[in-house]
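# Examining the three-dimensional arrangement
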Amino acid sequence: MKKAVVMLLVVSLFAVILGFTPVRAAGGIVVQITVGSTKAYINSKVVVLDQPPIIENGRTLVPVRFIGEAFGATIGWDPVKKTVSYVLEDKNIVLTIGSITAMVNGVKTTLDVAPKILPTGRTVVPVRFISESIGAKVDWNSTTRMVTVTVAPITGTINYYTSMPEVNITALIEEFKKVQPGIKVNLYRAATGTVLAKLNAEIQGGNVVVDVLSVAEPSTSILLREQGQLLKFTPSGAKNLAEQYKDKDGYFYAFGVTDMVIIYNTQLVKDKPTGYSDMLKPEYKGKVCIGDAASSGAFTHLVGTMLQNGFGWDYFQKLKANGVVVVPGPSDVAQKVATGEVLIGITQDSTAKQMKESGSPVDYIYPAEGTDIKNCNIEILKSTKNKDAAFAWIEFLLSKETQQFILDNKIMTPVVPGMKYPANSIDPSTIKAMKLDDELLATQSADTIQKFSQIFGGA
Amino acid sequence: MPYIELRNLTKKYGRVTAVQAFDLDIDESRLVSLLGPSGCGKTTTLRMIAGLIEPTLGEISIRGRILSSDSIFVPPEKRNIGMVFQSYAVWPHMNVFNNIAYPLKVQKKSRGEIKGRMDRVLDLVKLKDCSSRMPHELSGGQQQRVALARALVMEPMVLLLDEPVSNLDAKLREEMCYEIKDLQRRLSMTIIYVTHDQSEAMAMSDVIVVMKEGVVQQIGNPREIYNQPKNRFVADFIGQTNFLPGIVKSGKDGRCCVEVHGIGDMECFCSLQEGTHVTVGIRYMDIELFHSPDSCITVGSATFRGDKTDYILKLGERSIRTTQPADGEYKEGDKVGVKVKYISVFKE
Amino acid sequence: MKKGIRPEVWVLVFLILGLTVIVIYPLWQIVSRAFSYNGMLSLESIRQTWGDPLNQLALTRSLTVSGFGTLFSVLLGSLLAWIVTRTDIPHVRLVKTLLITPFLIPPFVGAIAWLQLLGPVGYLNKLLMWMTGSGEPLFIIYGPVGIILVMTFFSYPTVFLIMCAALEKMDATLEEAAFMSAAGKWNVLKDITVPIMAPAIGSAALLVFSHDMANFGIPAILGMPRGYLVLTTKIFQAIQNFGLKNNFNFASALAMELLIMAITALFIQKIYTSKKQYTVVTGKSAHPRTMSMGTWKYILFGFAMVLFICTTLAPITAIVLSSIIKAVGLPPGPANWTFNNYSYVLLRSQTTIRALRNSLFLGVASATITTILGGLISYYSVRSKLRGHQVADFIGSLPYTIPGTVLGLAIILAWSKPIAGVTIYDTIWIILLAYVTNYLTLSIRTTSASFAQIHESLDEAARMSGASWWRTMVDVVIPLVKPGLIASWFLVFMPSFRELTLSILLWSVGNETIGVSVFNLSQGGQPQYASAMGVILIVILFTGNFLTRKLTKGNYGF
């Protein structure tokens, strides 16, 4: 007991002296390395190092990649400045070869021993410093000359607000529990508009309770970023993501992508539609359906994207003239198509897939003019009280296993490459995407909604 | 010391004065009536005594205990005053027994005492056989007796009655008036009785207070009120009175001679100056008729009422009324002379 | 006894203070934001929203559907109440029970059910089309007509309940006098009964009007598809427009319109009813008599039954049908039936049972608290002559007129921060607070109708008999207004139990309500789950009601 208390005090002292609070990486991790040995253990699994740890100035130095990747950090190397950077969630550590000065989130700190490049060409860095910077516990056994670095499992609760369908999110949370049993995800699920209204009210009321947010409308992330409400961070999964799935400033990441497809009733529609122009056909008069851009984030985005791709407001005027039925959101569109109340409409691919699968008389196509492929962003609110748990949740969602799960359960299209697609599914790379600039969309979203309301709200 | 003292009792509602500077002493075991037309302030006065209304000014004390003044206000439940409301206010959700016994329950009397008092009071109001009935099963008269019993069972210092018999039929009314008076004598109860019916007041009261528009007009026993009305209003309200104009011809030592229009000179008690214009009040019953072919007074109509006959007599453009014994033989058109026994005189 | 402050006065003061905190403070959030723009005091938000022709159109439409909805609800509810209390139709108790059943159907579920019946591809429309051979649906439920129809079907039970209570308490002699004056049944009805019932009618009308104006669900489902927007849908859109600067201010400015209208309606009702004295339960009691209707009574009975079928049986059938269908859009024949939807919903039974428990707790707690508070407020409003005695009534009646969405947000704005270290946000207590705030007016209106009919002399007689003010309340007043109190309890319990609009904003993990559960389920690709849940909910409500009646020998319950 006393030893633990002493260790705790030492770490806390470190924290106080060095002026930062320790951050823990996801999961409970135990790393064991022995000086002079190439055999290391991560959670009791053997890992072979390409460079054994060495001791200098009483400090153990280990290969740069190993110690970072064990914790899921993103490691960068600048050959010109000869700096090594470790980015783990919201912690940015920069070490300079041969220098005992290091930067932690921009704050200078002094090391006991400088990182160096060994004659073998391998770069080694002080293990204790790195480990403790990310909030891990370091133990040294002088007899066995073994360093044990322990990252305690994360516990706590996070409040997660989302507009994703409840069935899907609940399934994901169930999976998450298996990986991180100590973290409780409190789910608040409502339509995009309701979630945003609640968030807005919390912000205005001065007590933001939500930790992590993901809604169907990417502009929201941008708007929140501009308002300064988000926490900047880099999940380790981010290195797998293509640029279009990441915020340039590091405030949000997409963990899936949804497509807006054209859904039609297979019993009543004889000629399979091909694109948006079909919705203007006179034979569909009064039987077309879209969602309300003023209430549904998915449709705000769709309208904005179409505007950026050659469709002007006159397309929507013509839609109105063709008697389009406006409903609250994508699932309402799908339901109306399924019952035959309307013949054709636009909805989210996951909804269309799930309905088709359960037997409703519907099918869907990707519009010939281009599909709105929409990022489903996830972000952390700056006011969060449990950063570690939030990071863990997002790491989980971006992990290869979860992305495969997302694909297998038709929740969304994954953003991580290398997924196994089922036999007769459409290769996402073959879908013609509409070009889109989310940053621009965000600035225009308010106007888009206003204009849409004017056209459709007055009949 | 008077049992009840009311001093300068006043109630104003905004600019309207409902009761003006009411002063009255009431002796123990007396029945005092507050009599007047609706709106005269009698009910307001009663409710001030009950404690249901807070006076604007003035003082109320009973048996020397101040109930209401500028600095003190005793709430109604603490005044030990019994009250019977015009609508009886019998609680529809309690049976007769529980209605009447309620004040005893509130005072947490013992079962024995409750039984004793209830037996006595039920006997008193003759409701012994009805004690388990519900109010809607009772007649109006029975409900009224429940209300009375409830007020009496707490052996109050004073009993207040707000037009208690006005909702009963004439015969029942008369019966109830006798019963109430009887009760009062037996229990030596001090009662304040509000009514607009002067014959009721006359029959029951020891003292009558006549009120008009918030102001006391006259206080006195029934004979005084009847025989010596202080002003025209009282004379008009009490009994049946004719009013004729007159002029004081001469006056000395409290006696005057008044020329009554259409009738002639009459003597009366008054202290007015010669030449004063006055209103002369003549009771219907104070007129004697006799045949008089030279008279200018003719019989306008005659109405037989069984025990008496009412006549309307024409004096020029004026008419007066009179009540005569039933067997009078005057017919419409007959010329009659009148002999007036007694007049009251009021300054204009 | 020194002239001190009487206990009545203290209670009134506390009441008004309490109401100020729970009602005025959140409402102030709305008012202050309506008068702000870009963070500064300004009329700009109001100018932009009130001046926008689309918003003006929405306001007109709100007034139209609410006006007609109220008119028809009052007519229908009053007529039915009269039939049930004043005529000799057969099986009166059965009829009364059946007519109140719409209360047991959550409006959200009901509106969808109506869509399934009379929507363009609804069962009834399809039936009619088949019968008449028409190619186009005969009945268009979208738009003002559909909205008014569904609103009427959902609001008339409120009027019915209030009018039944008032008619039962009315002094029979008033009508009997008319009969003795050779007035026929029709004349008695129009010249005596209706004018005397005017305050109760006014109360009921005000309640229904406020509710209709603030209704979001029905116009959203039945108006939006055809672009028929009302004020509440516009407010909802404003709130959700995250990118629009000052969007909360705009939403608040629009909400102000509703608030102003509610205040005006309240004033009108106050002036109208205060002019007349309608004390009709005096100490002289007699029960109202029923009129013989001859053969008409069977016709009236039939009418009531048809109404029951339309307002309750039909929607329930629709919902049941959609709960057993395999997938949306499949024909409703037995080939496509499955019970999977029920097993799915019940297997997630942890959430379902928790939601039920929460809703039950919220229903009971809010009904009890509002009845007590509402009763007190009514007492002061109707009986007391203290200055400001009607203030509490006025304040308490405001929140109901605000759309649930706006009220929910106001409550978040007011109470999301901890107060004295205690946070109610994200707990079940904030939902309870929201319910009490919202439904207080139901209790006030119902209980004041009862209080108004008890003559003051009944209180005064108790006082003269030595009972203190409190004793008088307990022994005389409360027993006599008990029917009103009971009615109020149920009137609040029902909507609280199945409430959706407020809880959708205020719920958090572990604090889901049944309404939220059903709604979330309907938002995926399988609305059958929502229907299944809806059916379960209806079954529970009906069973609970049945048990209540059985246990209390028919005295309580619908």
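The rules we used
- Residues numbered from 1 in each chain as written.
- Chains lettered and ligands numbered in written order.
- Predicted model: local features only at pLDDT ≥ 70, side-chain atom pairs only at ≥ 80, totals over all residues.
- Helix = DSSP H or I, 4+ residues; strand = E, 2+ residues; numbered from the N terminus.
- Buried ≥ 20, exposed ≤ 12 C-beta atoms within 10 Å, placed from the backbone.
- Contact = placed C-beta atoms within 7 Å.
- Expected span 1.5 Å × (residues − 1).
- Bend = angle between axes of the 7 residues up to and from the residue.
- Axes fitted to C-alpha atoms, helices over the stretch in contact; angles between N-to-C directions.
- Parallel < 35°, antiparallel > 145°, perpendicular 65-115°, else oblique.
- Left-handed = near helix turned anticlockwise from the far one by under 90°.
- Nonpolar A, V, L, I, M, F, W, Y, C, P; charged D, E, K, R; others polar.
- Domains from an automatic or database assignment.
- Pairing = 2+ DSSP bridges.

So, on to the overall build of chain A. The number of helices and strands found in chain A is 13 helices and 23 strands. Projected onto the principal axes, the alpha-carbon positions of chain A cover approximately 85 × 50 × 45 Å. When each of the 459 residues of chain A is scored for burial, the buried share is 50%. The long-range fraction of contacts in chain A, counting pairs at least 24 apart against all pairs at least 6 apart in sequence, stands at 71%.

All names here are of chain C. The end-to-end C-alpha distance of helix α1 (residues 7-34) is 39 Å, a good match for the 40 Å that 28 residues give at a rise of 1.5 Å each. In the structure, α1 departs most strongly from a straight axis at Thr 20, where the bend amounts to approximately 35°. What α1 keeps buried is the set Leu 12, Leu 15, Leu 19, Ile 22, Val 23, Pro 26, Leu 27, Gln 29, Ile 30, Arg 33 and Ala 34.

Here the focus is the packing of helix α3 (residues 111-125) of chain B against helix α4 (residues 140-153) of chain B. All names here are of chain B. Across the interface, α3 lies against α4 with an axial gap of 10 Å and an inter-helix angle of 140°. Relative to α4, the element α3 lies oblique. In the crossing of α3 with α4, the sense of the turn from one axis to the other is right-handed. Contacts from Arg 117, Met 118, Val 121, Leu 122, Leu 124 and Val 125 of α3 reach α4 at Arg 145, Leu 148, Ala 149, Leu 152 and Val 153. Partitioned by chemical class, the residues of the contact of α3 with α4 number nine nonpolar, no polar and two charged.

Attention shifts here to the environment of Gln 218 of chain B. Residue and element names in this part refer to chain B. Following the sequence through the fold, Gln 218 ends up in strand β10 (residues 215-220). Taking the C-beta count within 10 Å as the criterion, Gln 218 has 21 such neighbours and is therefore assigned buried. Excluding residues within four positions of it along the chain, Gln 218 makes contact with Val 210, Ile 225, Pro 229, Lys 230 and Val 234.

Taken together, the contact between chain B and chain C spans 31 residues of the former and 24 residues of the latter. Across the side of chain B that touches chain C, the residue classes break down as 20 nonpolar, eight polar and three charged.

Another point: the packing of α1 of chain C against helix α17 (residues 404-415) of chain C. Residues and elements named next belong to chain C. Here α1 crosses α17 at 105°, and the two axes come no closer than 8 Å. The orientation of α1 relative to α17 falls into the category roughly perpendicular. Residues Tyr 25, Pro 26, Leu 27, Gln 29 and Ile 30 of α1 lie in contact with α17, whose contacting residues are Val 406, Ala 410, Ile 411, Leu 413 and Ala 414. Split into classes, the residues belonging to the contact of α1 with α17 amount to nine nonpolar, one polar and no charged.

Residue and element names in this part refer to chain A. Domain boundaries in chain A define domain 1 (2-151) and domain 2 (157-459). The gap between the C-alpha centroids of domain 1 and domain 2 is 40 Å. When the residues that make up the side of domain 1 that touches domain 2 are grouped by side-chain class, the tally is four nonpolar, three polar and three charged.

With that settled, the discussion passes to the sheet that holds strand β17 (residues 308-315) of chain B. Residue and element names in this part refer to chain B. Spatially, the three strands line up as an open sheet ordered β16-β17-β18, and their pairing is antiparallel. Edge positions in the sheet fall to β16 (297-304) and β18 (318-325), since each of these pairs with one other strand and no more. Averaged over all adjacent pairs, the angle separating strand axes in this sheet is 25°, with direction ignored. One ladder, built from seven bridges, connects β16 with β17; its direction is antiparallel. The residue bridging Ala 302 from the neighbouring strand is Tyr 311, located in β17.

By contact count, the leading pair among the two pairs of chains in contact is chains A and C. For the non-touching pair chain A and chain B, the nearest C-alpha separation works out to 47 Å.

Of the residues lining the interface, 41 residues belong to chain C; the matching set on chain A comes to 57 residues. Elements with a minimum of two residues in the side of chain C that touches chain A: α3 (53-86), α11 (231-240), α17 and α21 (503-506) of chain C. Looking at side-chain class alone, the side of chain C that touches chain A contains 23 nonpolar, 14 polar and four charged residues.

This part is about the sheet that holds strand β2 (residues 16-26) of chain B. Residues and elements named next belong to chain B. Spatially, the four strands line up as an open sheet ordered β2-β1-β4-β5, and their pairing is antiparallel. The open sheet has two free edges, formed respectively by β2 and β5 (65-68), since each of these has just one partner strand. On average, adjacent strands in this sheet sit at an angle of 25° to one another, irrespective of strand direction. Pairing geometry for strand β1 (residues 4-13) and strand β4 (residues 57-62), over five bridges, is antiparallel.

On to the pairing of strand β23 (residues 372-380) of chain A. On a regular strand, each side chain points to the face opposite its neighbour's, so the side chains alternate between the two faces of the sheet. Residue and element names in this part refer to chain A. The element β23 is largely enclosed, with a buried count of nine among its nine residues. Across two bridges, strand β17 (residues 212-214) lies against β23 in antiparallel orientation. The residue bridging Val 212 from the neighbouring strand is Ile 380, located in β23. Relative to β23, strand β18 (residues 252-265) runs antiparallel, the two sharing seven bridges. Bridged to Asp 259 within β23 is Ile 373.

A few words on unusual backbone geometry. Most peptide bonds are trans, and most residues other than glycine sit at a negative phi. Residue and element names in this part refer to chain A. You will see that Asn 43, though not glycine, has its phi angle at about 50°, which is positive. One can find Asn 43 in the loop between β2 (39-42) and β3 (45-48). One non-glycine residue with positive phi stands out, namely Lys 82, at about 60°. Looking at the secondary structure, you find Lys 82 in the loop between β6 (74-78) and β7 (83-88). On the basis of neighbour counts, which here come to 15 C-beta atoms within 10 Å, the residue Lys 82 falls in the partly exposed class.

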